[in-house]
Amino acid sequence: MSDFTDTALAAASRMRSLFTETPLQLNAHLSAKYGAEIWLKREDLTPVRSYKIRGAFNAIRKVRAANPEQDLFVCASAGNHAQGVAYCCRHFGVRAVIFMPVTTPQQKIEKTRIFGGDSVEIRLVGDYFDDTLASAQAFCKEASGHFLAPFDDPDVIEGQASVAVEILAQMQGVPDMIVLPVGGGGLASGVVRYMAAEAPDVAFRFVEPAGGASLAAALAAGEPVSLPQVDSFVDGAAVARIGARPFGILKDVDPATVLQAPEDRICTTMLDMLNVEGIVLEPAGALAVDALGELAGEITGKRIVCVTSGGNFDFERLPEVKERAQKFRGLKKYLILRMPQRPGALKDFLGMLGPEDDIARFEYLKKSARNFGSVLIGLETTDAANFPALFSRMDAAGFTFRDITNDETLSALVV
């Protein structure tokens, strides 16, 4: 048994003073769909609805054990790490100053404040996270606090490894494969390192958001690199640069085992889990389940564990998630239509719609005394095959239009 195994086991044991182990549940729906045993490790059911509580707990515990006088902890976060730190500082009776960007949604601020109570002070600094982080680190140094990194910290990695400890304790035997979400790499590196010692035959698949594939970039470069641009939709895993310590553990991962999940496809998984299973997952929490479709050909008849890493989803985002899912499935389109300025033109267009087609948006972008006007039209249907048929009828009738559904620049301006 390695030193890391010992410390991960100790971390898991001591966490029981804070919360019970999260369930490992066999999911009948997903198992039937993929012809495999699909188990969900429900990290969305921790007290703060994400696995981040584990790393925060272990880091604070070890700092306090080494230096009982240390009673100030500082972090920079707009999400799950902040909530985990707040909850744990309240548990240990120590102070926390949590820096968040000014643009942080009020819901996340309030949840962090509730979890931390009187133990936590929240400071809103900077429009961008880099500014927030710099302010937090400067304050931490001046105030002689201890900075709690979200993933690039050996004690945090050790705490996240408790997920692997619980999986092996809860499952009879070992899984054939564990599917892990990857952001900064703390969870993935902790689980991989523990399993390497205790269950070396377990295979892994790593899932990143397509707009934040920092592990894939690091593997290609042989070292952590900063992505030039990150899509922030999967906010719990949209990290521009994987942590140096996590990459030190993951550097020998086969690039073929690292998958990228398109953000719109993740939305379809979130809706499926909500509507079919009643499970609320945030975008990052749905990553592992979302990858099952890509893995279908290799998981048949096997035991697969998907780590659902978080469930902190703001339902005000639900309309956006639904729309992105519809677009991915080909059930919603946005068109700019050149509409003739004559009586009956709109009626002619409406007559071309099929019985399953519906207008979700209709807006004149430009209407004048000219012969034509530009119209933004949002169309929904129940079968993606209906759109090619509609477009053929529009072409035959002489209607000029442009599909802007996947034109991100133009859609951002007019939709």
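Each remark here, short or long, concerns the structure printed above.
Residues numbered from 1 in each chain as written. Predicted model: local features only at pLDDT ≥ 70, side-chain atom pairs only at ≥ 80, totals over all residues. Heavy atoms only, no water.

### Some thoughts on unusual backbone geometry
- Even without being a glycine, R49 presents a positive backbone phi close to 65 degrees.
- Its place among the elements puts R49 in the loop between β2 (37-42) and α3 (52-66).
- Classification of R49 as partly exposed rests on a relative accessible area of 27%. (Helix = DSSP H or I, 4+ residues; strand = E, 2+ residues; numbered from the N terminus. Buried < 20%, exposed > 50% of the residue type's maximum accessible area, 1.4 Å probe, protein only.)

### Brief notes about the nonpolar core
- One finds I178, L180, V191, M195, F204, F206 and L215 to be the most contacted residues of the largest nonpolar core, which totals 37 residues.
- Elements supplying a minimum of two residues to this core: α1 (3-15), α8 (162-170), β7 (177-181), α9 (186-198), β8 (203-209), α10 (214-221), α11 (244-250) and β10 (303-308).
- Of the residues forming this core, the biggest block, 6 residues, is contributed by α9.
- Setting aside chain neighbours within four positions, we find L215 in contact with V182, F206, E208, I242, F247, L250 and V258.
- If you look at the next biggest cluster of nonpolar residues, it comprises 34 residues, including A286, V289, L295 and V321. (Core = buried A, V, L, I, M, F, W, Y, C linked by side-chain atoms within 4.5 Å. Contact = heavy atoms within 4.5 Å.)

### Side note on the pairing of strand β3 (residues 72-76)
- Burial analysis of β3 places 5 of its 5 residues in the buried class, the great majority of the element.
- One ladder, built from 5 bridges, connects β3 with strand β4 (residues 95-100); its direction is parallel. By the bridge assignment, A76 is partnered in β4 with F99.
- Assessed by its sense of winding, the connection that carries the chain from β3 through helix α4 (residues 80-92) to β4 is right-handed.
- With 2 bridges joining them, β3 and strand β6 (residues 146-147) adopt parallel strand pairing. Of the residues in β6, the one forming a bridge with F73 is H146. (Pairing = 2+ DSSP bridges. Right-handed = clockwise from strand over helix to strand, strands pointing away.)

### Quick notes on the pattern of salt bridges
- Taken as a whole, this structure holds 26 salt bridges when the rule is applied.
- The salt bridge partner of R303 is E37, with a shortest N-O separation of 3.3 Å. On the criterion of sequence distance, the pair formed by R303 in strand β10 and E37 in strand β2 is long-range, its members being 266 residues apart.
- Classification of E37 as partly exposed rests on a relative accessible area of 33%.
- Linking R123 and E121 is a salt bridge whose minimum nitrogen-to-oxygen distance equals 2.7 Å. (Salt bridge = Lys/Arg side-chain N within 4 Å of Asp/Glu carboxyl O.)

### Considerations on the environment of V321
- Relative to the helices and strands, V321 resides in helix α15 (residues 318-328).
- With relative accessibility at 1%, the residue V321 sits in the buried group.
- Along the backbone, V321 and F233 are 88 residues apart, and their C-alpha atoms lie at a distance of 9.9 Å.
- Those residues within four positions of V321 in sequence are excluded, and the remaining contacts are F233, C267, M270, L271 and F313.

### Quick word on the sheet that holds β6
- Spatially, the 4 strands line up as an open sheet ordered β5-β4-β3-β6, and their pairing is parallel. Strand pairing shows two members of the sheet lacking a second neighbour, β5 (120-124) and β6, which therefore form its edges.
- Pairing geometry for β4 and β5, over 5 bridges, is parallel. Bridge pairing in β5 links I98 to I122.

### Looking at the packing of α1 against α9
- At a minimum axis distance of 9 Å, the contact between α1 and α9 shows a crossing angle of 115 degrees. Crossing of α1 against α9: the hand is left-handed. Note on element contacts: α9 touches α1 through G190, R193, Y194, A197 and E198, opposite F4, T5, A8 and L9.
- For the contact of α1 with α9, the class distribution of residues is 5 nonpolar, 2 polar and 2 charged. (Axes fitted to C-alpha atoms, helices over the stretch in contact; angles between N-to-C directions. Left-handed = near helix turned anticlockwise from the far one by under 90°. Nonpolar A, V, L, I, M, F, W, Y, C, P; charged D, E, K, R; others polar.)

### Some thoughts on a nonpolar patch on the surface
- Among the surface-exposed residues, L346, L350, F362 and Y364 lie close enough to one another that they form a single nonpolar patch of about 320 Å² accessible area.
- Every element with two or more residues in the nonpolar patch is listed here: α16 (345-352) and β12 (358-366).
- When you line up the elements, Y364 lands in strand β12.
- On the basis of relative accessible area, Y364 is assigned to the partly exposed category, the value being 33%. (Patch = residues over 30% accessible without salt bridge, like charges linked within 9 Å, V, L, I, M, F, W, Y side chains within 5 Å. Areas by Shrake-Rupley, 256 points an atom, 1.4 Å probe, with all protein chains shown as cover.)

### A closer look at the packing of aromatic side chains
- Applying the stated criterion across every chain, the model contains 9 aromatic pairs.
- On the numbers, 5.8 Å between centres and 65 degrees between planes, the contact of Y87 with F115 is edge-to-face. In this pair, Y87 sits in helix α4 while F115 sits in helix α5 (residues 106-116), placing the two residues 28 residues apart along the sequence.
- Y87 sits in the partly exposed class, given a relative accessible area of 24%.
- Relative to F401, the ring of F391 lies with its centre 5.1 Å away and its plane at 40 degrees, an arrangement referred to as tilted. Of this pair, F391 sits in helix α17 (residues 386-396) while F401 sits in strand β14 (residues 400-403), placing them 10 residues apart in sequence.
- An aromatic cluster of at least three residues, connected via ring pairs, comprises F387, F391 and F401. (Phe/Tyr/Trp six-rings, centres within 6.5 Å; stacked < 30°, edge-to-face > 60°.)

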